[in-house]
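# Survey of secondary and tertiary structure
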Amino acid sequence: MARVDAGAWDVKLSAEKREDFTQWLCDQITNALEARSVPIPDVRYWWTIYEQGRTRTGNEPFQDAADLTSYIGTEKVDALRARIMRTVMVDPIWTVEGWGASAKKAPFVEAFHQWQAEAEGLQTFIARAVHAALIEPRGVLEVYENTIERVVRKEITARVALTPDGQFMLDENLDPVLERDEDGNYVEVLDDEGGMIPTARTVIDSKERVRKGPAYRVLSYEHFLVLPAHAREKSDIYGYAKRFTKRWAEMQEWVRQKKYDKKAVEELTESPDVVSEERPDGSPVIVAPEEGPTAEKELWEVQLLYDFDGKGQRWYVATVHVGQRKLLRLKHDSVAHGRYIIMVPFPRTDRSHEGYSFLGQKLITTIEEHTAWRNMIADRAAMVISAPMKRLTGALWDPDDQPMGPKAVIDVRDMNEIQPMAVPDLTGPAINREGEILQASERVAGINDVALGQIPQNSRTLGEVNLVAEQSFVRMDEVIKNLQEALEDLGQVRHAIWVNTLRESAKMTAPQALMVGIESRGGDAMHDQEVITAEMLEGVYRFKPRGSTETADISRQRADFIQFMQSLPMMMQIWPAMGQLLATNTEAAKSALEQAVRLFRMPDKQAWIGNVDQMQAMAQPPQVPQPSPGMEAGGGAPPGMPPQIAALLGGGAPPPGVQ
């Protein structure tokens, strides 16, 4: 059996079984490439349409003819993406629900993930994935653990090596020799136990993680596969594969770090893997080859469910070179969740992991028709404005010698030698036809002028405008609902990665603003906590996208909140006990204030919520004075006390005339 680096391979397999698995995995990737529902040139063409690139190159009817691409695709995609992002990226993004003992920790988990989502720049990655999902058959957001290690110089307290008789060990310069562990690193002393351990200060270069937690990539349809490609339901999927390139020097570094198998990398050729691309017109784009350390190799990383030991399927991560059929690594997946979040706004019925492209399959006919009519209108207008000239055969005028233009003098022998060609102006009917195409695109997309933020050309009443806008929002809300499951999976994967990260790093410092208002939402009081640990996040939770369950219109939310507050006095008149309950319920007051601060966009949230301890102290009921231990029941009172209070404390009746 060939030697395999333990760091690159978690499963002990014979050379024959490893070869069989490699061949099987490469065959699955090759079959998935051939079973794509949409050819890659079509997807590139859709992106060209969105970018309003040139689509008429080489097919112009005459020199300097118009090459105008329809703006329908760009307009509708941008409008729908903005609608989705406004609904999804709210504060907080997820409403976290916990089960059992986790229910009390759910508000903190919700606040923690909102804080980290802002720090990670999650909005940009979701926007890119949603944008790709509207143009390509699907949008894919990869979530992975980012543990970049870099060399950092720092000063540590290291243990001094001792001789067998307990004396300091010195080097040739009479400096103390520092003790090292099995890996050659200095033994750092964190607690000197009252100065009983001999130590010395020294400066070292240490590899440390400069960033922790989840990180993201947006993968295109061209560089991502689902195994098998013909899966009809999500339960049929057993793997995900992404294509990427890595420089030869980086692969050698990964071999030194024991992330790739050394023997497998040595068997690869050092020649670059040149991948040619095609433009929408079919012309090739040649990628300049690189040599030496900068040569790029095309690899596939596969996350798959597989059973190697007969104990059941589990998640593995494999890296393979399909061209030369070499397996570089096979590792256990520590997160045990699907790391690829697939977004499908318009799902298909025959494939669970693909949908219909909003631009390339729903709007493509109206886009191409609109493109044709825009070019015809422009070409016809050019002919009307610059009509061709008719010249009599044998005429004196030569356009090369006497070009036509302002103030030009043209010599003719007869006025009929040169005549402009009469071109009928059909611009009006063509523009009407263009308007019909725009109306057809609104019917297909479900996005009208009002939803686009434009003033409609036709005169409509306010009721008609509001009715049409409301129905347009209904169609857009269905798209957002289709993305809800993907966002729930994103919340679960992020949570699993953060639990693993905090379990490894043991603690994480949190800002005080994160802990404010947790108990007002039904969670445990955590305002005195300064360190976040894995135990504070562990539990069973459901991440429900908050924006998908309510209106995205902030004005509508404010109106609903104001109406709710106005209804409270009427409810108190019906149920007087409700007023007494709200008068002493500080958590309800803090929750209402926090909601008002969010809806009215107050910049400093903590200043309004205030110090939690102070609010709780102010809410305590006044203390009733108790009789001193020496005071007898019904007996005397301290000197100087009014007789009314003395009688009440003593349990007797008040003096005559006192009520």
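Residues numbered from 1 in each chain as written. Predicted model: local features only at pLDDT ≥ 70, side-chain atom pairs only at ≥ 80, totals over all residues. Heavy atoms only, no water.

## Digging into the packing of helix α9 (residues 364–385) against helix α10 (residues 427–445)
Between α9 and α10, whose axes approach to 10 Å, the crossing angle comes to 165 degrees. Taken together, α9 and α10 sit at an angle that is classed as roughly antiparallel. Note that α9 runs across α10; the crossing there is left-handed. Between α9 and α10, the residues in contact are Thr366, Glu369, His370, Trp373, Arg374 and Ile377 and Thr427, Ala430, Ile431, Arg433, Glu434, Ile437, Leu438, Ala440 and Ser441, respectively. Here the residues of the contact of α9 with α10 are counted per class, giving seven nonpolar, four polar and four charged. (Axes fitted to C-alpha atoms, helices over the stretch in contact; angles between N-to-C directions. Helix = DSSP H or I, 4+ residues; strand = E, 2+ residues; numbered from the N terminus. Parallel < 35°, antiparallel > 145°, perpendicular 65-115°, else oblique. Left-handed = near helix turned anticlockwise from the far one by under 90°. Contact = heavy atoms within 4.5 Å. Nonpolar A, V, L, I, M, F, W, Y, C, P; charged D, E, K, R; others polar.)

## Quick look at unusual backbone geometry
The step from Leu227 to Pro228 runs through a cis peptide bond, and the omega angle for that step is -5 degrees. Here Pro228 shows up in the loop between β6 (224–227) and β7 (239–247). If you check the backbone angles, Gln52 has positive phi at about 55 degrees while not being a glycine. Within the secondary structure, Gln52 sits in the loop between α2 (40–50) and α3 (72–88). Overall, Gln52 belongs to the partly exposed group, its relative accessible area being 38%. Positive phi, normally seen in glycine, also occurs at Lys407, with a value near 65 degrees. Among the secondary structure elements, Lys407 is positioned in the loop between β14 (389–391) and β15 (418–420). (Buried < 20%, exposed > 50% of the residue type's maximum accessible area, 1.4 Å probe, protein only.)

## Some remarks on the side chain of Glu110
Within the secondary structure, Glu110 is located in helix α4 (residues 106–120). Among the polar contacts listed, one links the side chain of Glu110 to the backbone nitrogen of Val96, at a separation of 3.2 Å. (Polar contact = N/O pair within 3.5 Å; in protein donor to acceptor, adjacent residues only side chain to side chain.)

## Quick notes on the packing of α3 against helix α5 (residues 122–135)
Axis separation between α3 and α5 bottoms out at 10 Å; the angle between their running directions is 140 degrees. Between α3 and α5, the interaxial angle falls into the category oblique. Seen along the crossing, α3 lies across α5 with a hand that is right-handed. On the side of α3, the interface is formed by Val77, Asp78, Leu80, Arg81, Ile84 and Met85, while α5 contributes Gln123, Ile126, Ala127, Val130, His131, Leu134 and Ile135.

## Details of the pairing of strand β18 (residues 541–545)
Taking every second residue as pointing to the same face, the buried face of β18 carries Tyr541, Phe543 and Pro545, while none of Arg542 and Lys544 on the other face is buried. In this sheet, β18 lies alongside strand β1 (residues 94–98) in antiparallel orientation, the contact comprising five bridges. Bridging across to β18, Trp94 finds its partner in Pro545. (Pairing = 2+ DSSP bridges.)

## Here's the deal with the nonpolar core
Here is a general trend for soluble globular proteins: nonpolar side chains tend to be buried in one another's company. By size, the foremost hydrophobic cluster in this structure holds 63 residues, and its most contacted members are Met343, Phe358 and Leu490. Counting residues per element, this core draws most heavily on helix α12 (residues 462–505), which supplies twelve residues. Sequence-distant contacts of Leu490, defined by excluding residues within four places in its chain, comprise Trp94, Leu122, Ile126, Leu141, Val143, Tyr216 and Ile341. Ile29, Ala241, Tyr316 and Leu327 belong to the second largest nonpolar core, which has 23 residues in total. (Core = buried A, V, L, I, M, F, W, Y, C linked by side-chain atoms within 4.5 Å.)

## So, helix α1 (residues 15–34)
With 20 residues, α1 should reach 28 Å at 1.5 Å per residue; the first-to-last C-alpha distance of 29 Å fits that figure. Those residues of α1 hidden inside the fold are in contact with β6, β10 (296–306), β11 (314–321) and β12 (326–332). (Expected span 1.5 Å × (residues − 1).)

## Topic: the confidence of the model for the protein
Mean pLDDT for the protein: 78, with 75% of residues reaching 70 or above. Helix α19 (residues 643–650) is the least confidently modelled element of the protein, averaging 46 in pLDDT, while α5 averages 94, the highest of any element. For the stretch residues 644–652, pLDDT sits under 50, and the model shows ten contacts to residues farther than four places along the chain or on other chains. (pLDDT = per-residue confidence, 0-100.)

## Some thoughts on the sheet that holds strand β2 (residues 139–145)
Spatially, three strands are ordered β5-β2-β13 in an open sheet, and the strand pairing comes out antiparallel. If you trace the sheet from one side to the other, it starts and ends with β5 (214–219) and β13 (340–343), each paired once. Averaged over all adjacent pairs, the angle separating strand axes in this sheet is 25 degrees, with direction ignored. As paired strands, β2 and β5 are joined by six bridges and run antiparallel to one another. Within the sheet, the bridge partner assigned to Val143 lies in β5 and is Tyr216.

## Focus: α9
Given a rise of 1.5 Å per residue, 22 residues ought to cover 32 Å, and the 31 Å separating the end C-alpha atoms of α9 matches this to within 8%. Structurally, α9 contributes buried residues whose contacts are with α2, α3, α8 (358–362) and α10.

## Considerations on the pairing of β7
Extensive coverage of β7 is indicated by the burial of seven of its nine residues. In terms of strand pairing, β6 meets β7 through four bridges, oriented antiparallel. Residue pairing across strands places Val226 opposite Tyr240, the latter belonging to β7. In this structure, β7 lies alongside β10, joined through nine bridges in antiparallel fashion. Bridge pairing in β10 places Thr245 opposite Glu298.

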